[in-house]
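Listed below, chain by chain, are the residues.
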Amino acid sequence: MNKISRRNFNKKLSTGLLGTTLISTMPLSFGMTNNEKKSLGIALVGLGSYSTYQLAPALQDTSFCHLSAIVTGSKDKEQIWKDKYNLAENCIYNYENFDTIISNDAVDIVYVVLPNSMHADFSIRAAKAGKHIICEKPMAINVSECDAIIDACKKEGVKLSVGYRMQSDPYTNEVKKYVREKTFGSVRHVSSTAAYISRRNPQQWRLNRALSGGGALMNMGVYAIQTSIYGTGYNPISISAQEFSTRPEYFKDTDETITAQMEFPSGAVADMFTSHNTSGNRMRVSCDKGWFDLEPAHSYGPISGRTSNGNTIYFPHKSQQALQMDDFAKHILLGTANVAPGEMGKRDMIIVEAIYKSIAENGKKQLLDLGSMGIVTK
Ligand code: NAD
């Protein structure tokens, strides 16, 4: 860009100096090509299984963003990805030279897809490079790291989103509508399960607390926390939790199984179950005039749903990751809602910390004062 650097342009976009109207009527002479105007370039940081099998394929299916760069520690992957996705030579980064991405106009968004303990470092470095950020879930390994990411994004004037793909999923949004419109009456109880059996290499980072920040709760539990919140429409005002272990020889460093109970300001209650040693993927919302459920509720899909009036909930399957990345790109380009803002990731981390505290205090109820933090109404 000639008159204004991309870094400053990104900053102005998010600080509102360039409003939605200006963006949509901006002449091409402003310095962007037609393609840039319509589609934002995403750099994937970390080319593990989620980037390889979900995000990169989904980016072939998006309308408002595209894969423009990679950041990897593997020389082999550099060449494979460059060839497969037709990436320019100057769009291949490693973890050491990552910060030079500041001068790459082909990158508008940095998507951090690394082990949880690396999210804060790379998100903050991306913010300093003037790039908008999608940070995978869980947003970080504690609340103070979430604060540091949010502060860096505010300081640098860039936008931030958490990789909560379910927030862009049509089934989730249908459930939110039932809750909001009281289609089945007032919500009384939400039950959610987010669990799978971990059998892989015991050395994997997910079982290493220093890299993961925690076990099942950090990995799958955040889905059950989210489900409890959009299933009731409120943030919890209290939480009590218990931890169980059936395979201590494998789960040496991280939690295997956690249950928790929440109270909500509406009078609704929720119970959640998360585990790395049981299979389960569902939510059920019981109201005073009926019920609805999803099972699976937060897999990559297809999701499946039913209601107490005998109907099935059905939407044609679309890649949640494509919907999620397009939602964030539209937020940047068109000013639509940020459906998974940093405050949502931080709120969930406050709840995660309260769960661990309750467990450490033998299930003692922890009071929460979250207000409407992280609740997005479109
Ligand atoms: P993965 O183990 O498959 O990939 C991790 C990547 O990080 C690899 O490329 C690895 O080389 C790299 N890496 C760099 N430094 C590392 C280190 N010190 N130790 C280990 N790996 C290192 O993991 P993944 O499944 O791709 O998960 C990555 C992130 O994405 C996690 O935060 C995870 O929670 C999140 N995730 C989200 C979803 C979702 O549905 N939103 C699904 C899967 C994973």
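Structural data are supplied above this passage.
Note that the structure is predicted; figures quoted are calculated from it, not measured.

1. Observations concerning the sheet that holds strand 9 (residues 257-263)
Reasoning step 1: If you walk across this open sheet you meet the 9 strands as 14-13-12-11-7-10-9-8-15, and the pairing is mixed. Strand pairing shows two members of the sheet lacking a second neighbour, strand 14 (312-313) and strand 15 (366-367), which therefore form its edges.
Reasoning step 2: Relative to strand 15, strand 8 (residues 238-244) is paired through 2 bridges, and the arrangement is antiparallel. Paired with Ile 239 across the two strands is Gln 366, which belongs to strand 15.
Reasoning step 3: The strands touched by helix 8 (residues 170-181) are strand 7 (187-197), strand 11 (277-287), strand 12 (290-294), strand 13 (305-307) and strand 14; relative to strand 12, the strand with the most contacts, the crossing angle is about 165°.

2. Examining helix 4 (residues 49-58)
Reasoning step 1: Taken residue by residue, helix 4 has Tyr 50, Ser 51, Leu 55, Ala 56 and Ala 58 as its buried positions. Projection of helix 4 onto a plane perpendicular to its axis shows the buried side chains occupying an angular sector of 150°, all on one side.
Reasoning step 2: Buried residues in helix 4 make contact with strand 1 (40-45), helix 5 (75-85), strand 4 (109-112) and helix 11 (320-334).

3. Here we look at the site of the ligand
Reasoning step 1: Not every one of the 20 residues close to the ligand is listed here, only the nearest: Ser 49, Asn 116, Lys 137, Arg 165 and Trp 205.
Reasoning step 2: One of the backbone N or O atoms of Leu 114 is found 3.1 Å from an oxygen atom in the ligand.
Reasoning step 3: Contact between the ligand and Glu 136: a nitrogen atom at 3.0 Å from a side-chain N or O atom of the residue.
Reasoning step 4: Isolated, the ligand exposes 840 Å² of accessible area, and the fraction of that covered by the protein chains is 78%.
Reasoning step 5: In this structure, the ligand is accommodated by the largest pocket.

4. Regarding the layout of surface pockets
Reasoning step 1: When its volume is computed, the largest pocket comes out at roughly 890 Å³.
Reasoning step 2: Taken together, 38 residues form the lining of the largest pocket, with Ser 49, Tyr 50, Trp 205, Arg 206 and Tyr 300 sitting closest to its centre.
Reasoning step 3: If you list the elements that add at least two residues to the lining of the largest pocket, you get helix 4, strand 7 and helix 10 (216-232).
Reasoning step 4: Sorting elements by how many residues they give to the lining of the largest pocket places helix 4 first, with 5 residues.
Reasoning step 5: Looking at the lining of the largest pocket, its residues break down into 14 nonpolar, 17 polar and 7 charged.
Reasoning step 6: Of the pockets and cavities examined, the second largest pocket occupies roughly 540 Å³.
Reasoning step 7: As for the second largest pocket, its lining consists of 25 residues, and the residues nearest its centre are Lys 176, Val 179, Arg 180, Tyr 230 and Gly 233.
Reasoning step 8: When contributions to the lining of the second largest pocket are tallied by element, the ones reaching two or more residues are helix 8, strand 7, helix 10 and helix 12 (342-360).
Reasoning step 9: Top contributing element to the lining of the second largest pocket by residue count: helix 8, with 5 residues.
Reasoning step 10: Here the lining of the second largest pocket is built from residues that sort into 8 nonpolar, 10 polar and 7 charged.

5. Notes on the nonpolar core
Reasoning step 1: Counting residues in each nonpolar core, the largest one holds 77 residues, and the members touching the most others are Val 110 and Ile 355.
Reasoning step 2: The biggest single contributor to this core is helix 10, with 9 residues.
Reasoning step 3: Counting 26 residues, the second largest nonpolar core, distinct from the first, contains Ile 92, Ile 134, Phe 328 and Ile 332.

Definitions and limits used
Residues numbered from 1 in each chain as written. Predicted model: local features only at pLDDT ≥ 70, side-chain atom pairs only at ≥ 80, totals over all residues. Heavy atoms only, no water. Pairing = 2+ DSSP bridges. Helix = DSSP H or I, 4+ residues; strand = E, 2+ residues; numbered from the N terminus. Contact = heavy atoms within 4.5 Å. Axes fitted to C-alpha atoms, helices over the stretch in contact; angles between N-to-C directions. Buried < 20%, exposed > 50% of the residue type's maximum accessible area, 1.4 Å probe, protein only. Arc of directions from axis to C-beta. Near = heavy atom within 4 Å. Polar contact = N/O pair within 3.5 Å; in protein donor to acceptor, adjacent residues only side chain to side chain. Areas by Shrake-Rupley, 256 points an atom, 1.4 Å probe, with all protein chains shown as cover. 1 Å grid on protein atoms, 1.4 Å probe; cavity = no way out; pocket = protein on both sides within 12 Å on 5 of 7 lines; lining within 4 Å. Sits in = over half its atoms within 2 Å of the grid points. Points joined across faces, edges and corners; volume = space filled by probe spheres on them. Nonpolar A, V, L, I, M, F, W, Y, C, P; charged D, E, K, R; others polar. Core = buried A, V, L, I, M, F, W, Y, C linked by side-chain atoms within 4.5 Å.

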